[in-house]
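Fold and geometry: a report
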Amino acid sequence: MGDAHRVGVVGLGVISRAYLDTLSGHPAVRVTAVADLDASRSAAAAAGLPGARALTVGELLSSPAVDTVLNLTTPAAHAEIALGAIRHGKNVYGEKPLAADLPDARAVLEAAGKAGAGVGCAPDTVLGTGVQTARAAMEAGTIGRPQFATAVMVTPGHERWHPHPDFYYTAGGGPLLDMGPYYLSSLVHLLGPVRAVTGAAGRLRAERVIGSGPRAGERIPVEVDSHVSGVLEHVNGTLTTLTTSFDGVATTAAPIEVHGERGTLSVPDPNRFDGEVRVHALGDTGWHTLLASAGYADGARGVGLLDFLTAGGGRAPRANGELALHVLETMTALLRSAAEGRRIELTTSVEVPAPVPLTAASQWHGGRG
């Protein structure tokens, strides 16, 4: 394990458990330190990770025993932690979004460029067999030239299940910034980067009621739009109609559909690594399901970090900072468009990440079947 990638984890909330489950036992990765504002969380996490130390956030960012910081803090702290890691010469891989706003995200990538540090960012669900099989089908010409797409995410709000949902309704939160990265990252994989957007947004309620945990029944304020929709103009000419909402109960709409000249492709939930990819060809009487043909099989949170740590030989990390920046600009431009009532052209673009060949769990997780 002497040459294993040494990872320090900052932020030990709900999502950290999934990451630690993926990283623990991987032959190429060693979690050497954990930190959280709640010291008891750090101590509890370190106790279950052989060789890991519970540190303060500042100690972890400066620790010589950490090469890459896994940033699992709330969105408002993403940029601060990332910049702190970069200042100490460390790579950083974070939860989405890259930062709570575009200037901070640009600052992270600029600092990393000057320091020669790597920046990666979730979501990595788009590297699973669901989105990657759909991408492979499109690239094989299964539905012909894409004409337009739809992307729909509707829930009644995360306060129903999350015990501390406050950050979903403050700056950096909302349905678009929270769930949009899954959909927009998928759309970039499928259709390429976005050149312009037109958006509309609204807010159904001024407050929400926590539905579970020790704060059940507590009311929290809503400071961001809870319903955002818009049209994305992709560089290749395809139009995507996007809806993200914390104001609905349920929907029968497919998470993503791509409509081509010769058929329609139904893409599974991009918040999952797997799911059925279905095609309805022009002239057929129904849908048929495609066998998984690409992606990290049995994917789990953290596979994007593994991809980030093992990239090389001319291949850029797939869950990279440039993609996260483009996705963030797309989202913030939609919100600006909604506020200003006009079409907005983007200033960023991105190379579509390399496709993921079908990769068994035993390959990407070093012996785990």
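Each chain has its residues counted from 1, running along the sequence as written. Where totals are concerned, whole chains, interfaces and linings use all residues; where local detail is concerned, this predicted model gives features only for residues with pLDDT of at least 70, and gives and counts side-chain atom pairs only at 80 or more. Neither water nor hydrogens contribute to the side-chain values; these are computed over all heavy atoms in the structure.

1. Structural notes on the overall build of the chain
For the chain, the helix and strand inventory stands at ten helices and 17 strands. A radius of gyration in this sense is built from C-alpha atoms; the matching globule rule multiplies 2.2 Å by the number of residues raised to 0.38. For 369 residues, the compact-globule estimate of 2.2 N^0.38 gives 21 Å, and the C-alpha radius of gyration of the chain, at 20 Å, lies within 12% of that figure. Expressed as lengths along the three principal axes of its C-alpha atoms, the size of the chain is roughly 60 × 50 × 40 Å. The cut-offs for exposure are 20% and 50% of the maximum accessible area for each residue type, with area from a 1.4 Å probe on protein chains only; residues under the lower value are buried, those over the upper are exposed, and the others partly exposed. A buried classification covers 54% of the 369 residues belonging to the chain. Whether two residues are in contact is decided by their heavy atoms, any of which lying within 4.5 Å being enough. When contacts within the chain are restricted to residue pairs at least 6 apart in sequence, those whose partners lie at least 24 apart make up 71%. As displayed, the chain has an accessible area near 15100 Å², and 54% of this comes from carbon and sulfur atoms. Numbering of helices and strands runs from the N terminus, with a helix taken as a DSSP run of H or I at least four residues long and a strand as a DSSP run of E at least two residues long. Each accessible area is a Shrake-Rupley result for a 1.4 Å probe, and residues are judged covered by the shown protein chains and nothing else.

2. Quick word on the sheet that holds strand β3 (residues 53–55)
In spatial order, the strands read β3-β2-β1-β4-β5-β6; together these six strands make up an open sheet with parallel pairing. With partners counted over all chains shown, the strands left at the sheet margins are β3 and β6 (119–121), one partner each. Recorded for the sheet is a direction-independent mean angle of 25 degrees between the axes of neighbouring strands. Bridge analysis of strand β1 (residues 5–10) against strand β2 (residues 29–35) gives six bridges, and the strand direction is parallel. The residue of β2 that forms the bridge with Val9 is Val34. When DSSP finds two or more bridges between two strands, those strands count as paired. Orientation is described by axes fitted as lines to C-alpha atoms, over the contacting stretch for helices, and by angles from 0 to 180 degrees between their N-to-C directions.

3. Focus on the nonpolar core
As used here, the term nonpolar core means buried Ala, Val, Leu, Ile, Met, Phe, Trp, Tyr and Cys residues forming a set that is joined through side-chain atoms within 4.5 Å. The biggest cluster of nonpolar side chains holds 101 residues, and the ones touching the most others in it are Val9, Leu60, Val69, Leu70, Val258 and Leu265. A per-element tally of this core places helix α7 (residues 174–191) first, with ten residues. When neighbours within four sequence positions are excluded, Val69 is seen to be in contact with Gly8, Val10, Leu60, Leu61, Ile81, Ala85, Lys90, Asn91, Val92 and Tyr93.

4. Things to note about helix α2 (residues 39–47)
Those residues of α2 lying buried are Ser42, Ala45 and Ala46. Down the axis of α2, the smallest arc covering the buried residues is 95 degrees, so these residues share one side. Residues of α2 that are exposed and angled more than 90 degrees away from the buried face: Ala44 and Ala47. Elements in contact with the buried residues of α2: β2 and β3. The directions from the helix axis to the C-beta atoms are what the arc is built from.

5. Some remarks on the environment of Thr330
Among the structural elements, Thr330 can be located in helix α9 (residues 321–340). Owing to a relative accessible area of 1%, Thr330 belongs among the buried residues under this scheme. Separated by 133 residues in the primary sequence, Thr330 and Val197 place their C-alpha atoms 7.2 Å from one another. Residues within four places of Thr330 in sequence aside, it is in contact with Leu184, Val194, Val197, Leu232 and Leu346.

6. Looking at the UniProt feature "domain: Gfo/Idh/MocA-like oxidoreductase N-terminal" (unreviewed entry) in the chain
UniProt positions are given in the numbering used here, feature names are shortened, and annotations may be inferred rather than shown by experiment. Cross-referencing UniProt, the feature "domain: Gfo/Idh/MocA-like oxidoreductase N-terminal" (unreviewed entry) maps to residues 6–117 in the present numbering. Secondary structure content for residues 6–117 is 42% helix and 21% strand, while the C-alpha to C-alpha distance between its ends is 15 Å.

7. Examining the packing of aromatic side chains
Stacked, tilted and edge-to-face are the three classes applied to pairs of Phe, Tyr and Trp rings, where Trp contributes its six-membered ring and a pair requires centres within 6.5 Å; stacked means planes under 30 degrees apart, edge-to-face means over 60, and tilted covers the rest. Overall, the coordinates contain four aromatic pairs when judged by the stated rule. Measuring from ring centre to ring centre gives 5.8 Å for Tyr93 and Phe308, while their planes differ by 55 degrees; the resulting arrangement is tilted. With Tyr93 in strand β5 (residues 91–94) and Phe308 in helix α8 (residues 303–310), the pair connects residues that are 215 residues apart, well separated along the chain. With relative accessibility at 0%, the residue Tyr93 sits in the buried group. Exposure remark for Phe308: the relative accessible area of 10% places this residue in the buried category. A positively charged side chain is recorded as over a ring if its NZ (Lys) or CZ (Arg) lies within 6 Å of the ring centre. The angle to the ring normal must also be within 35 degrees. Stacked on the ring of Trp287, the Lys or Arg Arg278 has its end atom at 4.7 Å from the ring centre.

8. What to know about the sheet that holds strand β14 (residues 263–267)
Taken in spatial order, the nine strands line up as β16-β15-β14-β13-β7-β12-β11-β8-β17 in an open sheet, and their pairing is mixed. Taken across any chain shown, the strands that pair with only one partner, and hence form the sheet edges, are β16 (288–290) and β17 (344–345). Of the strands in this sheet, β7 (146–154), β13 (256–260), β14, β15 (277–281) and β16 touch helix α6 (residues 129–139), which is tilted by about 165 degrees from β14.

9. Side note on the side chain of His259
By the element assignment, His259 lies in strand β13. Whenever two N or O atoms come within 3.5 Å, that pair is a polar contact, provided that in protein one can donate a hydrogen and the other can accept it, and provided that, for residues adjacent in sequence, both atoms are side-chain atoms. Side-chain polar atoms of His259 contact the side chain of Glu257, separated by 3.5 Å. If we ignore the near neighbours within four places in the chain, the residues touching His259 are Ile143, Pro146, Gln147, Phe148 and Thr264.

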